[in-house]
Amino acid sequence: MKYTTRLAVALVAATFAGSVGAQELQVPNLSYRTGPFASTGIPVMNGQMDYFTMLNERDGGVGGVKVNFYECETGYNTEKGVECYEKTKGDAIVTQPWSTGITLQVLPKTNVDEIPILAPGYGFSAMGDGAVFKWAFNMPSSYWDGASMILKSLGGDDMSGLKGKKIAFLHLDHPFGKEPLPFLEAQAAAVGFELLPIPVGLKEMQNQSAQWLQIRREQPDYVIMWGWGAMNTGALTEAVKTKYPMDQFVGIWWSGHSDDLQVVGQDGKGYRSISFNAPVEGAPLMADLQKYVYEPGKTESDAEQRGEVFYQRGLVMSMMLAEAIRAAQAEYGKADIGPKELRWGLENIKLSDARIAELGMTGMVPPFSTSCSDHTGHSGGWMLQWDGEKFVVSGDHLMADAAAIAPMEKANAAEYAAANAPWPTQDCK
Amino acid sequence: MLYRTAGQYKTSYRADQALFPVRQDAVLLGLILIFAWVVFPLSASEFTFQTILIPILIYSLTALGLNILTGYAGQLSLGTAAFMGVGAYACYKMITLMPWMNPVVAILLSGVFSAGVGVAFGIPSLRIKGFYLAIATLAAQFFLVWLFEKWAWLYNYNASGAIQVPNLTSFGVYVAGPQASSMVQYYVVLAIVSLITLVSINLTRGNLGRTWKATRDMDFAAELIGINLVKSKLTAFAVSSYIVGVAGALFVFMWRGAAEPNLFDIPLSFRILFIAIIGGLGSIMGNYLGAILIVGLPVVLGTLPRFFGIDIGSSMVEHLNTMIVGALIIFFLIVEPHGLARLWALIRAKLIIWPFPH
């Protein structure tokens, strides 16, 4: 009976787990404070957590009901992620899967379980097509937006400066790194630049000498990086070693972690990273956080971290979710909303400049709005440049090339829906 | 007293060689089967299905496949995950090329492909042994994962490079994909696992199993008594890879729902090897015990703090979990280096003579 009893214990434990009070809104976050990507995960998770702690302390939650923002640890491991999703979905109003692998697996399930999936700045770019991806949201910007903004900042608004140029695309050989490839290929054909995809295998992240040898040989005009975790530091140190000009080296928002740049310090001066949020240390929001969260010691973050891009990105992500909760509460006239109501809320975020100022976040995030057909919001973003010590905003606010992205989003979403038939869609007028 | 064998007389060779010569074993298995087929499915929550029941069954099956090769035929393999990958990708290609195909049939057929690949990589075993063979299978591991990444045809030129399980029906019921209910998937997995386990038990007890064991214990001696080593080793590779391939297809189609190439990388191979070693090499039941310890226990441990209302951070739970499971593994290996199956065998032997130890 040894293992039957053990299984029976498991059963009992599992049925009782997950029964928590219904007075609060349950917002799980599938965090990764352990494992190989922990260093990049911790600041963002802290930011997300602190924002809701602040709301609970200052306003008593959102719309009068407290938000129980809790974490389920995945270690960036897909198996654990699915376990967390199953564990939390019972009373959760949203799921935040965090890794591309977990998103891949959870996305089809959320349709059946009817829980909105919030993947700010990651996941499929095609998720922006709200008519097809009814339950998925990736505002404020998708990877294709990021790629388009990078190209625009390099080649000017019409990208004419890129004609005849050679661009190396250094990316993690993984669904995440491959995501912008179709868009970049299409743009290369349309604008007339040469695209040189250079994959970095998961095992080669820390040793990219072969890739950088290729870069040295090919001498591309620009290197665009889609890196994550250990790959960023690997690439930056190799770039310094091969003396690749830093002002021709640009990364996506996940490649703009201050800690990664600190490794190369002054040598990394000039490196840029596109971002949908910008660090503003003196923002009014930070004062509130100081008063309600940091001083009473209700945080896991440290003072140094709080001014950084990643921590503040966490704040922005939670702010978007809180705005969605507010929108849903106003629409349905009740504070205790469920996943279906929140889905409507996520679809109707109206983040104007005035609203951002009201939230005390001026300059931290560009204004955007979502709709039934647009689940991304396409806020655009800023280029952040490493000045040797920290990231500073460089240049104006950039917008992605919507005319090029929208048809691709539609086509890819339709393809996904066809491959996963029967796939529920919604009608957007 | 519970395990009293007194009075159970065997009057024929047939009875003596029966699958369960001791009646209590049969009763125990019957009880387990009733739990597995009736009690669990009726009482389990979605969470239990998805994180405990289905994964334990699938991991057990994979470990069983490895155990046939390593535990019974003595050929060390570090490429299990890659052979799982072959099964999963083969199943994916069959399903997408021939959408009319019954998914359960496709899963059972996908093992044929991995068996073929397994035999190909098993050929070096005719010349090399032990650690050297482990290196050869390691080559399979690296090569196949690389192939899953680079050969875009395998994942239908999908931009993300991952395979995603579509909604599949068998006789009008969804068995795979997001629309499938966990209970249906559990029953499909359970049926296939039960069937393969039954076949494996009989295979290892029969002529083929005996040639494997002879090869394992001393291949020179085996050859001298007339065992064809080529046949023995290659059949072990074929049967083992078939089971592993089927398990791989189940892994992706009945449980994960999607897979990227690096899922089938070395960590998974090691995990399965741990299950087989801790469960007990050369044992069928050990695979189940090992999978319960390695796959099921961490999940249960993870839910305990919340169950008792202890408020600790989820990352702390994860750290504690890793430490507890690690300590348990060491504990069990100290108590019984031959695995949990052997531990059970000792307990059973003690129970049979209890309460009179002499």
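Note that the coordinates shown come from a computational prediction; the quantities given were computed from them, not determined experimentally. (Residues numbered from 1 in each chain as written. Chains lettered and ligands numbered in written order. Predicted model: local features only at pLDDT ≥ 70, side-chain atom pairs only at ≥ 80, totals over all residues. Heavy atoms only, no water.)

Asks: Outline the packing of aromatic side chains, supporting the account with residue identities and numerical values.
Replies: All names here are of chain A. One pass over the full model with this rule turns up 42 aromatic pairs over all chains. Aromatic side chains tryptophan 98 and tryptophan 254 sit 5.9 Å apart centroid to centroid with 70° between the ring planes, which places their arrangement in the edge-to-face category. Taken together, the residues tryptophan 98 in the loop between helix H3 (78–88) and helix H4 (100–113) and tryptophan 254 in the loop between strand S8 (249–251) and helix H10 (258–264) connect sequence positions 156 residues apart. Ring geometry for tyrosine 143 and tryptophan 226: centres 6.0 Å apart, planes at 70°, overall edge-to-face. Within this pair, whereas tyrosine 143 is found in helix H5 (residues 143–155), its partner tryptophan 226 is found in strand S7 (residues 222–226), the two being separated by 83 residues in sequence. By relative accessible area, which is 2% here, tyrosine 143 ends up buried. Relative accessible area serves as the criterion here: at 0%, tryptophan 226 is assigned to the buried category. An aromatic cluster of at least three residues, connected via ring pairs, comprises Tyr32, Phe37, Tyr76, Trp98, Tyr122, Trp228, Trp254 and Phe310. Between arginine 313 and the ring centre of phenylalanine 276, over which it is positioned, the NZ or CZ distance is 5.2 Å. (Phe/Tyr/Trp six-rings, centres within 6.5 Å; stacked < 30°, edge-to-face > 60°. Helix = DSSP H or I, 4+ residues; strand = E, 2+ residues; numbered from the N terminus. Buried < 20%, exposed > 50% of the residue type's maximum accessible area, 1.4 Å probe, protein only. Lys NZ or Arg CZ within 6 Å of the ring centre and 35° of its normal.)

Asks: So, the side chain of threonine 48 of chain B: which residues are in play, and what are the values?
Replies: Residues and elements named next belong to chain B. Take threonine 48: it is sitting in helix H3 (residues 46–72). On the basis of relative accessibility, which here comes to 1%, the residue threonine 48 falls in the buried class. A polar contact of 2.8 Å, which involves the side chain of threonine 48, links it to the side chain of serine 45. (Polar contact = N/O pair within 3.5 Å; in protein donor to acceptor, adjacent residues only side chain to side chain.)

Asks: An account of the packing of H3 of chain B against helix H12 (residues 285–307) of chain B is requested, with residue identities and associated values reported.
Replies: All names here are of chain B. Where H3 meets H12, the axes come as close as 7 Å, and the angle between the chain directions of the two elements is 155°. With respect to H12, the axis of H3 lies roughly antiparallel. Along this stretch, H3 crosses H12, giving a crossing that reads as right-handed. Of the residues in H12, those in contact with Phe47, Thr51, Ile52, Pro55, Ile56, Leu57, Tyr59, Ser60, Ala63, Leu64 and Asn67 of H3 are Asn287, Tyr288, Ala291, Ile292, Val295, Gly296, Val299, Val300 and Thr303. Taken together, the residues of the contact of H3 with H12 break down into 14 nonpolar, 6 polar and no charged. (Axes fitted to C-alpha atoms, helices over the stretch in contact; angles between N-to-C directions. Parallel < 35°, antiparallel > 145°, perpendicular 65-115°, else oblique. Left-handed = near helix turned anticlockwise from the far one by under 90°. Contact = heavy atoms within 4.5 Å. Nonpolar A, V, L, I, M, F, W, Y, C, P; charged D, E, K, R; others polar.)

Asks: I'd like to hear about the side chain of glutamate 149 of chain B, residue by residue, with values.
Replies: With respect to the secondary-structure elements, glutamate 149 of chain B resides in helix H6 (residues 130–150). The buried charged residue glutamate 149 of chain B lacks any salt bridge, with lysine 150 of chain B as its nearest oppositely charged partner at 4.7 Å. Residues in contact with glutamate 149 of chain B, not counting those within four places in the same chain, are Asp173 and Lys178 of chain A together with Tyr155 and Pro261 of chain B. (Lys, Arg positive; Asp, Glu negative; His and termini not counted. Salt bridge = Lys/Arg side-chain N within 4 Å of Asp/Glu carboxyl O.)

Asks: Could you give an account of the interface of chain A and chain B, naming the residues involved and the relevant values?
Replies: The partner chain B presents 56 residues to the 48 residues of chain A that form the contact. Taken over both partners, the interface formed by chain A and chain B buries close to 4800 Å², and the fraction arising from carbon and sulfur atoms is 63%. Along the contact surface separating chain A from chain B lie 6 salt bridges. On inspection of chain A and its partner chain B, the count reaches 13 residue pairs in polar contact (both at pLDDT 80 or more). Counting residues per element, the side of chain A that touches chain B draws most heavily on helix H1 (residues 2–16) of chain A, which supplies 11 residues. Class assignment of the residues belonging to the side of chain A that touches chain B gives a composition of 23 nonpolar, 10 polar and 15 charged. (Buried area = accessible area lost by both parts, 1.4 Å probe.)

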